[in-house]
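Chains, contacts and geometry: an overview
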Amino acid sequence: MFNDIGGLELVTLVVLAVLVFGPEKLPKVIQDASRFIRKIREFSENAKQDIRSELGPDFKDFDFEDLNPKTFVRKQLLDNDDLGLKEITGSFDLRKEMADVADAVNGHESGSAASDPVAPVASANGSSGTPDLLKKREKPEQDDRPPFDADAT
């Protein structure tokens with residue numbers, strides 16, 4: 001419940017509690033707060049038991065954590081493998097795929113590209129079929145100038 005409270009925050013809360021309630025009343029306030037928390041927990045456990053008893057014997061294994069959408073999706077999709085999702089997620093390696101994409105963008109040859117039948121084949125001049133995005137383009141020659149349209153400007 002309080003996993004994200006650090007040491008400095010805890011010391012600050014203790015100092016504030018001593019200043020607000022005083023050293024004489026602080027033990028009584030702590031007892032009252034712990035008694036209140038205990039009653040709230042007892043009330044919620046009783047409510048859960050009442051709901052389970054009202055649902056009947058069909059829902060004796062009902063877990064209230066299943067109502068959390070994240071838990072529900074994980075239980076239905078990942079634990080129940082009717083769709084074969086474990087095989088799909090097991091065969092997909094995101095790091096390898098990202099490394100292949102980074103190699104392709106940087107123009108490096110990856111080990112899987114040589115065995116990949118879909119990979120572009122190098123042409124006679126040594127360049128592959130994909131353009132090198134990091135290579136600086138040469139200036140166009142005089143004949144290769146883009147067309148100029150005086151009416152467009």
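Remember, predicted model here, so these are calculated numbers, not experimental data. (Residues numbered from 1 in each chain as written. Predicted model: local features only at pLDDT ≥ 70, side-chain atom pairs only at ≥ 80, totals over all residues. Heavy atoms only, no water.)

Some words on the overall build of the protein
- The helix and strand inventory of the protein stands at five helices and zero strands.
- Burial status across the protein gives 4% buried among its 153 residues.
- Looking at the protein as shown, the accessible area adds up to about 14400 Å², and 59% of this sits on carbon and sulfur atoms. (Helix = DSSP H or I, 4+ residues; strand = E, 2+ residues; numbered from the N terminus. Buried < 20%, exposed > 50% of the residue type's maximum accessible area, 1.4 Å probe, protein only. Areas by Shrake-Rupley, 256 points an atom, 1.4 Å probe, with all protein chains shown as cover.)

Quick notes on the pattern of salt bridges
- Applying the stated criterion across every chain yields a total of four salt bridges.
- We note a salt bridge from D32 to K28, for which the minimum N-O separation is 3.3 Å. Placement of the pair is D32 and K28 together in helix α1 (residues 7–55), with a separation of four residues, close to one helical turn.
- Where E45 meets K48, a salt bridge forms, and the shortest distance between an N and an O atom there is 4.0 Å. Of this pair, E45 and K48 are both found in helix α1, three residues apart, which corresponds to roughly one turn of the helix. (Salt bridge = Lys/Arg side-chain N within 4 Å of Asp/Glu carboxyl O.)

With respect to α1
- The first and last C-alpha atoms of α1 sit only 44 Å apart over 49 residues, clearly below the 72 Å expected at 1.5 Å per residue.
- Approximately 100° is the largest bend angle found in α1, and it occurs at G22, with the proline P23 only one to four residues beyond.
- Once α1 ends, the next one or two residues include G56, with phi positive near 100°. (Expected span 1.5 Å × (residues − 1). Bend = angle between axes of the 7 residues up to and from the residue.)

Focus: helix α4 (residues 94–106)
- Spanning 13 residues, α4 covers 18 Å between terminal C-alpha atoms, matching the ideal 18 Å at 1.5 Å per step.
- Positive backbone phi, approximately 85°, marks G107, located one or two places after α4.

Brief notes about the environment of K60
- Here K60 lies in the loop between α1 and α2 (69–79).
- Look at K60 and you get exposed, because its relative accessible area is 63%.
- For K60 and Q49, which are 11 residues apart along the polypeptide, the C-alpha to C-alpha distance reads 10.0 Å.

Some thoughts on the environment of F21
- Here F21 is to be found in helix α1.
- Residues in contact with F21, not counting those within four places in the same chain, are L26 and V29. (Contact = heavy atoms within 4.5 Å.)

Topic: the confidence of the model for the protein
- Chain-level statistics for the protein give a pLDDT mean of 75 and a share of 65% at 70 or above.
- The weakest mean pLDDT in the protein belongs to helix α5 (residues 111–115) at 47; the strongest belongs to α1 at 91.
- Low pLDDT, under 50, characterises residues 112–125; the predicted model gives this stretch nine contacts beyond four residues in sequence or across chains. (pLDDT = per-residue confidence, 0-100.)

Quick word on a nonpolar patch on the surface
- A surface patch of nonpolar side chains, amounting to about 990 Å² of accessible area, comprises I5, L10, V11, L13, V14, V15, L16, V18, L19, V20 and F21.
- Topologically, V15 is positioned in helix α1. (Patch = residues over 30% accessible without salt bridge, like charges linked within 9 Å, V, L, I, M, F, W, Y side chains within 5 Å.)

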